[in-house]
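Here is what each chain is made of, one letter per residue.
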Amino acid sequence: MLTLKAITENTEEVLRKLAVKHFDGKEIIGKIIELDVQRRTSQSALDANLATINTLSRSVGQLMKEGKKEEAEALRTQVTETKENNKYLEASMKGAEEEMQNLLVLIPNTPHESVPEGRHAEDNVTERTGGSIPELPEDALPHWDLAKKYDLIDFEMGVKITGAGFPVYKGKGARLQRALINFFLDCAREQGYLEIEPPYMVNAASGYGTGQLPDKEGQMYHDTVDDYYLIPTAEVPVTNIYRDVILDEKDLPVKNTAYSACFRREAGSYGKDVRGLNRLHQFNKVEIVRIDTPEHSYKSLEEMVNYVQSLVDKLELPWRILRLCGGDMSFTSALTFDFEVFSAAQKRWLEVSSVSNFESYQANRLKCRYRDANRKTQLCHTLNGSALALPRIVAALLENNQTPEGIRIPKALIPYTGFDIID
RNA sequence: GGAGAGAUGCUCGAGUGGCUGAAGAGGCACGCCUGGAAAGCGUGUAAACGACUAAAUCGUUUCGCGGGUUCGAAUCCCGCUUUCUCCGCCA
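Residues numbered from 1 in each chain as written. Chains lettered and ligands numbered in written order. Predicted model: local features only at pLDDT ≥ 70, side-chain atom pairs only at ≥ 80, totals over all residues. Heavy atoms only, no water.

**So, the overall build of chain A**
Secondary structure summary: chain A contains 13 helices and 19 strands in total. Here the C-alpha coordinates of chain A stretch approximately 100 × 45 × 40 Å along the principal axes. Within chain A, contacts between residues at least 6 apart in sequence are counted, and of these 74% link residues at least 24 apart. Taken as a whole, chain A presents about 20500 Å² of accessible surface, with 49% of it coming from carbon and sulfur. Of the charged side chains in chain A, 52 are positive and 63 negative; the average position of the first set lies 3 Å away from that of the second. (Helix = DSSP H or I, 4+ residues; strand = E, 2+ residues; numbered from the N terminus. Contact = heavy atoms within 4.5 Å. Areas by Shrake-Rupley, 256 points an atom, 1.4 Å probe, with all protein chains shown as cover. Lys, Arg positive; Asp, Glu negative; His and termini not counted. Charge placed at Lys NZ, Arg CZ, Asp CG, Glu CD.)

If you want it as structure tokens, here you go:
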């Protein structure tokens, strides 16, 4: 969430930036500022009261020691009376605090200055493109047909075992999953990312920490017996490692990578968008996460974008990078670049990665701070990106590399698959 | 799942109702000493919020978390979480 400081000190700027995300924050921010005043007034009064009580209580002890019973008794009643007022002040302070918190989490992150205007996906700006789109024959097959032809993925079996969106990978289809995961993890490690294997379920506190709660409650699978959530991305458990942590500036940027299965309910999508591997309830993904200083975080973001680009290049896929417009950005992000690869038989671009700088928005909720050169604690900036999500990469690989002999595996991947063609 | 024992600052560890935000030790930082270093000596070493815009200062809160008792709680009571040991079960 946004810091109270930013809201109270730069109100106009915050409102202007929120407008880029098409969020009208005027009313809610006015209310927050009001509550902040109430909170501070109550706290000042309460603190003064508590100070009196502390002083008096010490005197009671002193008087008791000296045997001055009656005087002690008198002070005692005085304290009891003073305490009466505390209940009211405390309720006022805590009430304001809580109400303020509830409002703060409803405000999205402010976008970076470079975020383009726009409401929809069509308004995103293409940053750059790479690779070449293959010329496929007329009878080229979409990946769901290829998956069936070569017996790589069984969607119907997944329906039988669980439900729609839970595919079963078989044979070379399964091995391709394993190969891609290992390939992505090795590449990240070579770039200095520490590999993490996190839990796939998190508690509510972690969900709040990264902003999935309360905003996207319905997108996560929720185990109500133990109140755990299945992770929609490894970002959640990995970033929460740094919840309530004060890092040393010399240890920044922190660079972590993690593979995990990801679980998303994705309610209400139908048609070609969800056909085959295009959208699933369970899928594999390797994530990269960084914690950095405010001064360096955009440099980090650039490095991450370049890194993801190197991955799609190694996989020889045609790609493009989009700078998301205000309306298409996520709630918590300040600047996001989406990576899309072209799936040549479906003839459409598929999003395979989203790389974002959250600035201090997540860190504020996480209380993830660092000690700067002056030994002062400051909020970190958090960043993350997919590197990469597997299903749509597989879709593009299958479709783009189909030949009459079979499906060719890109050279960089062959050491990981152990085969160079699917036939 | 059953029984027992714990949870104190960066770490170890003392502390069973009253100037205890917390002894002592270690670590770390700075200073003195030294040709340089070690040793030695000295000083410092939590966070959040408020007073106030910042520094200094002062106040409040925090000894796993949440309640309660009390004039006063790290210390007493209740609930929860969690760690360890033993038993059971299990990949």
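**Points about a negative patch on the surface**
A contiguous patch of negative charge on the surface is contributed by E122, D123, D328 and E351. On the secondary structure map, D123 appears in the loop between α4 (69-104) and β1 (125-130). (Patch = residues over 30% accessible without salt bridge, like charges linked within 9 Å, V, L, I, M, F, W, Y side chains within 5 Å. Salt bridge = Lys/Arg side-chain N within 4 Å of Asp/Glu carboxyl O.)

**Some details on empty space enclosed by the protein**
A complete count under the given rule lists 1 cavity of 30 Å³ or more for this structure. Approximately 30 Å³ is the volume attributed to the largest cavity. In this structure, the largest cavity is lined by L152, I153, Y169, G173, L176, Q177, V394 and L398. At the level of secondary structure, the elements contributing two or more residues to the lining of the largest cavity comprise α7 (172-190) and α12 (390-400). Looking at the lining of the largest cavity, the element that brings in the most residues is α7, giving 3 residues. Taken together, the residues of the lining of the largest cavity break down into 6 nonpolar, 2 polar and no charged. (1 Å grid on protein atoms, 1.4 Å probe; cavity = no way out; pocket = protein on both sides within 12 Å on 5 of 7 lines; lining within 4 Å. Points joined across faces, edges and corners; volume = space filled by probe spheres on them. Nonpolar A, V, L, I, M, F, W, Y, C, P; charged D, E, K, R; others polar.)

**Considerations on the domain arrangement of chain A**
Segmenting chain A into domains produces domain 1 (4-104) and domain 2 (121-422). When each unit is reduced to the centre of its C-alpha atoms, the spacing between domain 1 and domain 2 is 44 Å. (Domains from an automatic or database assignment.)

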